[in-house]
Amino acid sequence: MRDYGKIGENWYFFILSRANIFCQCSAKLALFCQALAKAESRADTGELFSRPGALFTFPRRGFLGKSPAMNDPSPKNGESSPPPESASPSAAPPATFAAPRVVPYGDHPLRREMISREALFVMDRLHEAGYKGYLCGGGVRDLLLGITPKDFDVVTDARPEEIRRVFRNCRIIGRRFRLAHVFFRNGTIIETATFRALLAGDEQTARAAEEAPLPSRRKPFAPDPTYATREGLVVRDNVYGTAEEDARRRDFTVNGLFFDVADGSILDYVGGLDDLAARILRVIGEPTERFREDPVRMIRAVRIASQLDFQIGPNAFAAARENAAALAGCSHERMYEEVLKIRRCGHARETFRRGWGLGLFQAVHPAISDAMRGEQGETLHAWVDKAFGQFDRWRAAGLEAMPALQYALLFGPFIEQEAAALTANGMGAFEAMETATAAVLRSPGDLTQIPKAVVLDAQLIMALQGQLARAGEGSRYAERLRTRRGFDLAMVYLKFAASLDPARKPLLDRWLAGPIPETDWSAASPR
């Protein structure tokens, strides 16, 4: 009699072995397709097939990067040197740059011990894989100034897909500017970008970038271009180049410094070290052109100069004043994030004052700015200025108010004026305050896209002001208000308003006489 259990077991292992063979062949086929695609993009198909075992046996750089043969630019067998490779049809021919200023290890104060363990891990792994890995941007700048950096960014010659193959804990983000985020268990994220190329500045390239088709809802499968602009604003920037080109593509000279973790040297292609010593913020390239490429750079210039107590270069200052209106072409979500950065930077008041002088605040909040230039302009301007100063005091104390409280403090008098007009037309006080808050924060001309959750929290803070004024001292309603959600934040607003409006001082004293729940700043984190 047949043992069907044994027969079934044999068939199980037979099918399992064939499935394993199929998976191995599929993996090798996938590697081959990736290598072939990379070879075609780099015009080295002949070299790939001519190398023994090249189809499935890759060298250390293999399809993750360039092979030694690709890196060797010298002619062979009397052949002439091949023409340099262009990153894309819109890339400029490789430019010849002067040698960078190299400050060797020991001649500058930057040390490996000052860099986070996660950033060092990323750079070391990139070097082990055969790539370059530099610390860049504000991390190098702040360390040279003796400031503890908020975060560390890495730049490399590895493409985003190659970075993802080196790090399993990696995710590629962005469409306009593709880069890799390397995640760690402690919540640290190391932003790792690829060297960007300089682009040709001729009219033909500019026209091609403007006419480059972009994917849309109607054309979701349209190929995404590597470089594209719309009315001068860069909407795709994924043309890769060299370290020299990447340094000259950055916004300011003090952000164009690289720290090479391999030998501990600092590379300066743009004169950033001299500007650090002179404490001046200078734009790389022609300021008007760079601001039109990305108008948010104007806001970044004001914020960074205020944080570092630098002077903005005269050319950049004039260009920012002339091109403030270009901010209207920026993403509203990105503008919202930039505005939050200003309030969290610890120098919000100085940033506001500089931004007002350049017309940047007026461009971001046009309706509010019109009121600040009206009959009560001096009073309203003093309110907004003091609100920014309050953010700085909280930051110095290690506190960070939720965005809803920030917006309530900044635009409170404008909301109250709008609510008073609605109440005069017969609307209830509570509903009028909610409607006015939404109208002011969601003004059609405002360039920031405030999340709905932030608007709802701000509505609660402002609507409670009327409840605080109507509740009788010692009444049951007053006791219920003390336990209501948002009461602590409403009291923060009332205390701030009473410091500017003496008429509210008696109301504040009445509420301070009773128990007030402690404000939970940890729960008031930004949304």
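Before reading on, note that the structure itself is shown above.
Remember, predicted model here, so these are calculated numbers, not experimental data. (Residues numbered from 1 in each chain as written. Predicted model: local features only at pLDDT ≥ 70, side-chain atom pairs only at ≥ 80, totals over all residues. Heavy atoms only, no water.)

J.: Explain the side chain of Asp 392 to me, please; I cannot follow it from the model alone.
T.: Following the sequence through the fold, Asp 392 ends up in helix 17 (residues 377-396). A distance of 3.3 Å separates the side chain of Asp 392 from the backbone nitrogen of His 347, its partner in a polar contact. Among all residues touching Asp 392, those that are not within four sequence positions of it are Gly 346, His 347, Ala 348 and Arg 349. (Helix = DSSP H or I, 4+ residues; strand = E, 2+ residues; numbered from the N terminus. Polar contact = N/O pair within 3.5 Å; in protein donor to acceptor, adjacent residues only side chain to side chain. Contact = heavy atoms within 4.5 Å.)

J.: Explanation requested: empty space enclosed by the protein in the structure shown.
T.: One water molecule sets the probe size; rolling that probe over the atoms shows where empty space is left. One pass over the full model with this rule turns up three cavities of 30 Å³ or more. Estimates place the volume of the largest cavity at around 200 Å³. Along its surface, the largest cavity is lined by 14 residues, and Val 339, Ile 342, Thr 351, Phe 361 and Phe 388 are the ones closest to its centre. A per-class count over the lining of the largest cavity returns 10 nonpolar, three polar and one charged. (1 Å grid on protein atoms, 1.4 Å probe; cavity = no way out; pocket = protein on both sides within 12 Å on 5 of 7 lines; lining within 4 Å. Points joined across faces, edges and corners; volume = space filled by probe spheres on them. Nonpolar A, V, L, I, M, F, W, Y, C, P; charged D, E, K, R; others polar.)

J.: Even after reading the chapter, I still don't get the packing of aromatic side chains, so can you show me in this structure?
T.: Two numbers describe a pair of aromatic rings. These are the distance of the centres and the angle of the planes. What the rule picks out here adds up to 18 aromatic pairs. Ring centres 4.9 Å apart and planes at 15° place the aromatic pair Phe 352 and Phe 388 in the stacked group. Taken together, the positions of Phe 352 in helix 14 (residues 348-358) and Phe 388 in helix 17 put the pair 36 residues apart, joining distant regions of the chain. Of the two residues examined, Phe 352 and Phe 388, each falls in the buried class. Cluster of aromatic residues (ring-pair linked, three or more members): Phe 352, Trp 356, Phe 361, Phe 388, Phe 391 and Trp 394. Just above the ring of Tyr 105 sits the side chain of Arg 111; from NZ or CZ to the centre is 4.6 Å. Positioned over the ring face of Tyr 407 is Arg 343, at 4.0 Å from the centre of the ring. (Phe/Tyr/Trp six-rings, centres within 6.5 Å; stacked < 30°, edge-to-face > 60°. Buried < 20%, exposed > 50% of the residue type's maximum accessible area, 1.4 Å probe, protein only. Lys NZ or Arg CZ within 6 Å of the ring centre and 35° of its normal.)

J.: Looking at this model, I keep getting lost on the nonpolar core. Mind explaining?
T.: For soluble globular proteins, the rule of thumb is that nonpolar side chains tend to be buried together. Counting residues in each nonpolar core, the largest one holds 105 residues, and the members touching the most others are Ile 115, Leu 327, Met 372, Leu 405 and Phe 411. In this structure Phe 411 touches His 365, Ile 368, Val 440 and Leu 441, once residues within four positions along its chain are discounted. Of all hydrophobic cores here, the second largest spans 14 residues; its members include Ala 471, Ala 478, Phe 487 and Leu 507. (Core = buried A, V, L, I, M, F, W, Y, C linked by side-chain atoms within 4.5 Å.)

J.: I'm lost on the pattern of salt bridges in this one. Help?
T.: Once their charged atoms are close, side chains differing in charge can pair, the charge on each being opposite to the other. Here the structure, examined in full by the defined rule, presents 23 salt bridges. Of the charged contacts in the structure, one is a salt bridge between Lys 505 and Asp 509, with a shortest N-O distance of 3.1 Å. One end of the pair, Lys 505, and the other, Asp 509, are both in helix 23 (residues 505-512), four residues apart, so they sit about a helical turn from each other. Take Asp 509: its relative accessible area is 38%, and that puts it in the partly exposed class. Taken together, the salt bridges that share partners define one network made up of Arg 290, Glu 293 and Arg 297. (Salt bridge = Lys/Arg side-chain N within 4 Å of Asp/Glu carboxyl O.)

J.: Any chance you could explain the environment of Ala 498 here in plain terms?
T.: Within the secondary structure, Ala 498 sits in helix 22 (residues 487-500). Classification of Ala 498 by relative accessible area gives buried; the value is 9%.

J.: I would appreciate a short explanation of helix 22 in the present structure.
T.: At 3.6 residues per turn, the α-helix brings residues three or four places apart onto the same side. For helix 22, spanning 14 residues, the distance from its first C-alpha to its last is 20 Å, which sits close to the expected 20 Å at 1.5 Å a residue. Among the 14 residues in helix 22, 11 count as buried, and that is most of the element. Among the residues of helix 22, those classed as buried are Phe 487, Asp 488, Leu 489, Ala 490, Met 491, Val 492, Tyr 493, Leu 494, Phe 496, Ala 497 and Ala 498. Check the buried side of helix 22 and you find it contacts helix 17, helix 18 (403-424), helix 20 (452-470), helix 21 (476-482) and helix 23. (Expected span 1.5 Å × (residues − 1).)

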